[in-house]
Each structure stands twice: as structure tokens, then as C-alpha cells.
Amino acid sequence: MRVLVSVASKHGSTAEIATALAAAMRHHGAQVDVCPPHRVDDVDGYDVVVLGSAVYRGRWLRTAREFAERYASPLRGRAVYLFSSGPVVPGDRPVNTPYDACAVAERLDAREHRTFPGKLDPAVLNTGERMVVRMVGAPPGDFRDWDAVGSWGAHIVASTTAGHEESGREESGREESGHEESEAAGTAPAQQKAGR
Ligand SMILES: Cc1cc2nc3c(=O)[nH]c(=O)nc-3n(C[C@H](O)[C@H](O)[C@H](O)COP(=O)(O)O)c2cc1C
């Protein structure tokens, strides 16, 4: 199974989540490429695409939004998973709701959207960013949950592998029964749709 993990990150912490996610998926047998959205030329050949973004002022970064627009058509019908990274204040809903993710989930018919806590390092922020952080009272620190990221990687591989095996069985069943077409060909494993 070939997987593309494409993640928009401004200060690097979401890119590190992409790296950890890819490592977890490789550990579970997937062949994974990691590439930032603005450098992806083609999504052909990927069975699974994971698109993620850091959240700034309630929005995904532009390159992730543009990726979704650019590849909306080829990604239709493909296994697409989304994640947002940002929240540093648990339960702080108004600040932490990445409304782009809902639109992207709809556009790409994504199977899931997860939100992972992020990291705030005042040392790497510019003056404007520091002001925003002070205004909303967001605490500095690294809140990333590596176990949650690793588990999600394992879950994606397990879900999509089950899908492949299922359709493989349907293929061989069709060959054995001699039928060229079957209603079962359209059967997909039950998937948890992205929260919208
Ligand atoms: C100026 C600024 C605005 C932010 N706005 C949000 C926000 O609206 N919602 C959120 O969940 N996190 C917000 N964050 C937290 C970032 O998403 C978090 O620091 C994230 O881990 C940064 O990812 P990156 O290092 O990949 O750029 C904000 C951070 C900064 C510096």
C-alpha cells in the first residue's frame, strides 16, 4: 500500500508530526512518501493520502488548502485522511476550530479528520505572532501527543489494508464464479466519515 503524507507547517512542529505518522505507518507495512503540499506534483499511484495542516487564527495554511483544491478531482474515491494540528489550550473551542478542515473534508470526501495538539515555542515566533499568542493567553510548550499520532498511523493502515483485502476477495470470488460483474464490487468497508 502506497501512502502520501503531505503536511503544511510554518514553524516545523506539524512537519514533525508528519514524520512520526509516516514512521508509524511504515512500521505497519505501508510504503510512505512525505512531501509538503506545495511540492507535490502528482498523487497518482497513492492508495492513501493524508493531508494535514497547522492551524493559524482558526485556519489551515494556504498550501494545504490549495493542495485540496488542486487534487480534489483525482482524490475523489481515494482513501483520504485529514488532520489539523494546533490546539495548545484543551477545550478552547473557538480558537481551535479549523473551519477549513470541514470544507476540505467535504470536498475530498475524506474518511476522517483528526485534531492533534501542537507546540508553541515563543523563540521561533515573529513579533505579530507573539502578540496574538499573548492576547489569547496561549501557553508555551510542546503538547504534541506522539502516542495518539502513532495509533492513528496504525489505524489508517489497518483500515485501508482491510479495504484492499476485502476487494481482493471480491475479485477472486468473481473469477471463481465466472461472473464479470457483481453488485458486491461496489461494497466498501464501513468507514468513519470525517467529522463535519
Ligand atoms: C499566531 C498564532 C496563531 C495561532 N492560532 C491558532 C488557532 O487559531 N487554533 C489553534 O488550534 N492553534 C493555533 N495556534 C497554534 C499553532 O497551530 C501551533 O503552534 C502549531 O503547533 C504550529 O505548527 P507549526 O510549527 O507546524 O507551524 C496559533 C499559533 C500562533 C503562533
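Predicted, not measured: the structure shown is a model, and the values here were computed from it. (Residues numbered from 1 in each chain as written. Predicted model: local features only at pLDDT ≥ 70, side-chain atom pairs only at ≥ 80, totals over all residues.)

Draft legend 1. The arrangement of the overall build of the chain in detail. Tallying secondary structure elements over the chain gives seven helices and eight strands in all. By residue count, 33% of the 196 residues in the chain fall in the buried class. When contacts within the chain are restricted to residue pairs at least 6 apart in sequence, those whose partners lie at least 24 apart make up 81%. (Helix = DSSP H or I, 4+ residues; strand = E, 2+ residues; numbered from the N terminus. Buried ≥ 20, exposed ≤ 12 C-beta atoms within 10 Å, placed from the backbone. Contact = placed C-beta atoms within 7 Å.)

Draft legend 2. Local environment of the site of the ligand. For the ligand, the set of nearby residues contains 25 residues, the closest of which are S9, T14, A54, G86 and G118. At the level of secondary structure, the elements contributing two or more residues to the shell around the ligand comprise α1 (13–27), β3 (48–56), α4 (93–96), β7 (119–120) and α6 (127–136). Of the residues contributing to the shell around the ligand, the split by class is 11 nonpolar, 10 polar and four charged. (Near = placed C-beta within 6 Å. Nonpolar A, V, L, I, M, F, W, Y, C, P; charged D, E, K, R; others polar.)

Draft legend 3. Focus on the environment of S159. By the secondary structure assignment, S159 is in helix α7 (residues 146–177). Placed 80 residues apart in sequence, S159 and A79 show a C-alpha to C-alpha distance of 9.7 Å.

Draft legend 4. Examining the nonpolar core more closely. With 42 residues, the main nonpolar core has V3, V5, L21, M25, V50, V80 and L82 as its most contacted residues. Among the secondary structure elements, those contributing two or more residues to this core are β1 (2–8), α1, β3, α2 (62–70), β5 (79–85), α5 (99–108) and α7. Apart from the residues lying within four places of it in its own chain, the contact partners of V5 are A18, L21, A22, V32, V34 and V50. (Core = buried A, V, L, I, M, F, W, Y, C linked by C-beta atoms within 7 Å.)

Draft legend 5. Seen up close, the pairing of strand β2 (residues 31–34). Two strands pair when backbone bridges link them, and β1 and β2 are joined in this way by four bridges, in the parallel orientation. Paired with R2 across the two strands is Q31, which belongs to β2. (Pairing = 2+ DSSP bridges.)

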